[in-house]
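# Close look at the chain arrangement
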Amino acid sequence: MQSITRELGRRVTEAMIAGFGDQAVGVDPLLKSTQDPSFGDYQANFAMGLAKRLGRRPRDVAAAVVEKVDVSDLCDPPEIAGPGFINFTITPAAAGRRLQAVPPTADGVTDRVGIAQSPSPDVIAIDMSSPNLAKEMHVGHLRSTIIGDCIARVLEFEGHVVHRINHVGDWGTQFGMIIEHVRRTHPHVLDDPEHLQLGDLEAFYVEARRQFDADPRFADAARKAVVDLQGGDPETLAVWKAFCGESLRHCHVIYDRLDVRVEDRGESFYNDMLAGVVQELGDRGFAEESDGAMCVFLDGFTNKQGDRLPMIIRKSDGGYNYATTDLAALRHRISALGATRLLYVVGIPQKQHFDMLFAAARKAGWAGEGVELTHIGFGSMLSSTGKMFKAREGGTVKLRDLVDEAVERAHKVIEASEQDPDKRRGLSSGQMRAIAETVGTGAVKYFDLSHSLGSDYRFDWDTMLSMDGNTAPYMLYAYARIRSIGREAGVDYAAIPAETPIVLEHDCEIRLGKTLLKLPDVIDQAAREYRPNVLTDYLFELSKAYNLFYDRKRGVRVKDASPESVRLSRLRLCDLTARSLKLGLHLLGIGTLEQM
Ligand code: ARG
């Protein structure tokens, strides 16, 4: 299944060049799918821009291209609308042919539903999750983890080489009190560093902090630990390592549960590079000393009073900053990993940090023109009443607890329906657990990813677990239901012969078929714009088109349709819908269930 906008774009480009020669070279045909079917299914909007360049009327330019473009195997004759839009309406026959060409069985470990990979893969470094190891991973890192995972999945699907970098905060003065606290509570840590086990990192941190504030001797020892750590004292380093290892193990319990893969590469990894970063920026005149600190000043960055805003890369006490590490990491990703696209999935409050980081990297020439630097910022997750998301007791909500609660709630819903004689399916307790795990984690992810990234959203259990609407339970149910239709109809979807034609006749069939054909474009768009909710919107649109198709009154007969050729055609549409839902959910990081 190939992208229709690319196909039409290619043909329109050819026609533009045939009509206007060199002047049309490099002009984007601006093809997109339309929202309103009265403008056709796809629209090309290049004519206004090209007309300006040529000094002609847009409608004339559009007409000249329409005359040259050959799309008769795909569309009705194109129409010109408004100031010079060209509308394309895919014929049902062409839509059916394209769908029929999709391989009938999964093509790849992940079923690609016939969608090809990008012919020109990039090396991409995506900075995601990245909690601070001194504390338990909390709900604030949920978004970075699941948004990062979704974007990485989409880019991997497109064929890019993706480094999923977990830039964990494993360095800094707060580790002094942690180290001292580990020494006191786990005196044998050095004998057996692997087995340092801390049930609750958050409580551990809070207690270390309390001691630091209350006990001057503890505070002195903690400060000394910082100095020793920075000085590379082997014993101190070993304690620090043991602690970071344990903290990372806590993180990975959650990553595993959420089915998220990351490469851990903490801030400390770059320690050896920091002095060089400062040295080079200083030598080349990009950094200057100000009140004893080394600072980079960048055009366009001022505070409210209009004073220049420094990016401090070495503090007056000689210590390095978050920004210094990020500069080193950026360089490393480009020079050592060979990445040409650096993405950072980090909350919007850090926007200015990344703006300055990118400006400094450009200025120093560390990121050349061919390198993309993007901060994929996201809003906050708020409570259902719109306040900061807090636990009932007031503290931050641990990610672990949140996931547990989601799964528990999903489990209750399943249990309740098993107790209802009308709904019972006789699931074993193991099956109920497995379903609850998929539904619970899927619900949290889907709900998060279905919001536009830039805005805050309110966390709401009832909505995210609802069986109705744009939610994971609904999509999962729709998928399982379609799979069961195949079983009820007595066919194995995968065994329907590939040459079985897909015939789109009824309005609801045509609509479903055309919606299915949008999938490659939707994935491209999500990849281009780094927007997971492009996928969720599409899945919702697809499930609505499917419901209409399968509707007893407004739709068509499926399982008992006749003749057999029509029945098989419709069953193939069911199968393609299920496979598209599965792929879409997979790209969101959500597994599917064959039965629900
Ligand atoms: N550890 C940071 C935090 O929790 C996020 C790091 C984001 N990544 C980066 N390269 N700065 O706020």
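First things first, this report covers the structure right here in the doc. (Residues numbered from 1 in each chain as written. Predicted model: local features only at pLDDT ≥ 70, side-chain atom pairs only at ≥ 80, totals over all residues. Heavy atoms only, no water.)

## With respect to the overall build of the protein chain
When helices and strands are counted, the protein chain shows 20 helices and 14 strands. Counting only C-alpha atoms and orienting by the principal axes, one finds that the protein chain spans roughly 85 × 75 × 40 Å. Relative to its full complement of 596 residues, the protein chain shows a buried share of 53%. Pairs at least 24 apart in sequence give 72% of the contacts found in the protein chain among residues at least 6 apart. Per element, the accessible surface of the protein chain, about 27,100 Å² overall, is 51% carbon and sulfur. Seen as two clouds, the 72 positive and the 84 negative side-chain charges of the protein chain have centres 4 Å apart. (Helix = DSSP H or I, 4+ residues; strand = E, 2+ residues; numbered from the N terminus. Buried < 20%, exposed > 50% of the residue type's maximum accessible area, 1.4 Å probe, protein only. Contact = heavy atoms within 4.5 Å. Areas by Shrake-Rupley, 256 points an atom, 1.4 Å probe, with all protein chains shown as cover. Lys, Arg positive; Asp, Glu negative; His and termini not counted. Charge placed at Lys NZ, Arg CZ, Asp CG, Glu CD.)

## A look at the environment of E7
Mapped onto the secondary structure, E7 falls in helix α1 (residues 4-20). Along the sequence, E7 and Q305 sit 298 residues apart, while their C-alpha atoms lie 53 Å from each other. For E7, the contacting residues outside a window of four places in its chain are L74 and R98. Side-chain polar atoms of E7 contact the side chain of R10, separated by 2.9 Å. (Polar contact = N/O pair within 3.5 Å; in protein donor to acceptor, adjacent residues only side chain to side chain.)

## Describing the pairing of strand β11 (residues 341-345)
Taking burial as the measure, the 5 residues of β11 include 5 buried ones, the bulk of the element. Sheet analysis places strand β5 (residues 123-127) next to β11, joined by 4 bridges and oriented parallel. Looking across to β11, one finds that I124 is bridged to R341. With 5 bridges connecting them, β11 and strand β12 (residues 372-376) associate as parallel partners. If you follow V345 over to β12, its bridge partner there is I376. The parallel pair β11 and β12, bridged by helix α12 (residues 351-363), forms a crossover whose chirality is right-handed. (Pairing = 2+ DSSP bridges. Right-handed = clockwise from strand over helix to strand, strands pointing away.)

## Looking at the pattern of salt bridges
Across all of its chains, the model carries 48 salt bridges by this definition. As a salt-bridge pair, E529 and R531 come within 2.7 Å of each other at their nearest N and O atoms. (Salt bridge = Lys/Arg side-chain N within 4 Å of Asp/Glu carboxyl O.)

## Brief notes about the pairing of strand β8 (residues 287-290)
Across 4 bridges, β8 lies against strand β9 (residues 293-302) in antiparallel orientation. The residue of β9 that forms the bridge with S290 is A293. Counting the residues in the hairpin turn of β8 and β9 gives 2 residues, including D291, whose phi is positive at 50 degrees.

## Some words on the side chain of T441
Tracing the sequence through the fold places T441 in helix α14 (residues 429-449). Those residues within four positions of T441 in sequence are excluded, and the remaining contacts are R257, L258, V403, V407 and A436.

## Remarks on the packing of aromatic side chains
Under the defined criterion, the tally for this structure stands at 12 aromatic pairs. Where Y344 meets F358, the ring centres are 5.6 Å apart and the plane angle is 45 degrees; that geometry is what we call tilted. Here F358 lies in helix α12 and Y344 lies in strand β11, a separation of 14 residues in the sequence. Here Y344 and F358 have matching classes, each one buried. Relative to Y457, the ring of F447 has its centre 5.5 Å away and its plane inclined at 80 degrees; by these criteria the two rings are edge-to-face. Remark: Y457 occurs in strand β14 (residues 457-458) and F447 occurs in helix α14; sequence separation between them is 10 residues. For the pair F447 and Y457, one class covers both residues: buried. Through successive ring pairs, a cluster of aromatic residues spans F175, F204 and F243. The ring of F269 carries the charged tip of R265 above its face, separated from the ring centre by 4.3 Å. (Phe/Tyr/Trp six-rings, centres within 6.5 Å; stacked < 30°, edge-to-face > 60°. Lys NZ or Arg CZ within 6 Å of the ring centre and 35° of its normal.)

## Details of the sheet that holds strand β2 (residues 42-44)
Paired through backbone hydrogen bonds, the strands of a sheet run either parallel or antiparallel to each other. Read across the sheet, 4 strands follow the order β1-β2-β4-β3 without closing on themselves; strand pairing throughout is antiparallel. In this open sheet, the two strands that pair with only one neighbour each are β1 (31-33) and β3 (79-81). Taken over all neighbouring pairs, the strand axes of this sheet differ in orientation by 30 degrees on average, direction set aside. Across 3 bridges, β3 lies against strand β4 (residues 85-88) in antiparallel orientation. Note on β4: the bridge partner recorded for A81 is F85. Here α1 sits on the sheet and contacts β1, β2 and β4; the angle it forms with β1, its principal contact strand, is near 145 degrees. (Axes fitted to C-alpha atoms, helices over the stretch in contact; angles between N-to-C directions.)

## What about the site of the ligand?
Around the ligand, the structure places D127, S130, N132, H141, H167, Y322, D326, Y344, V346, Q350 and F354. Within the side chain of N132, one N or O atom sits 2.8 Å away from a nitrogen atom of the ligand. At 2.7 Å from a nitrogen atom of the ligand is found a side-chain nitrogen or oxygen belonging to Y322. For the shell around the ligand, a count of residues per class yields 4 nonpolar, 5 polar and 2 charged. (Near = heavy atom within 4 Å. Nonpolar A, V, L, I, M, F, W, Y, C, P; charged D, E, K, R; others polar.)

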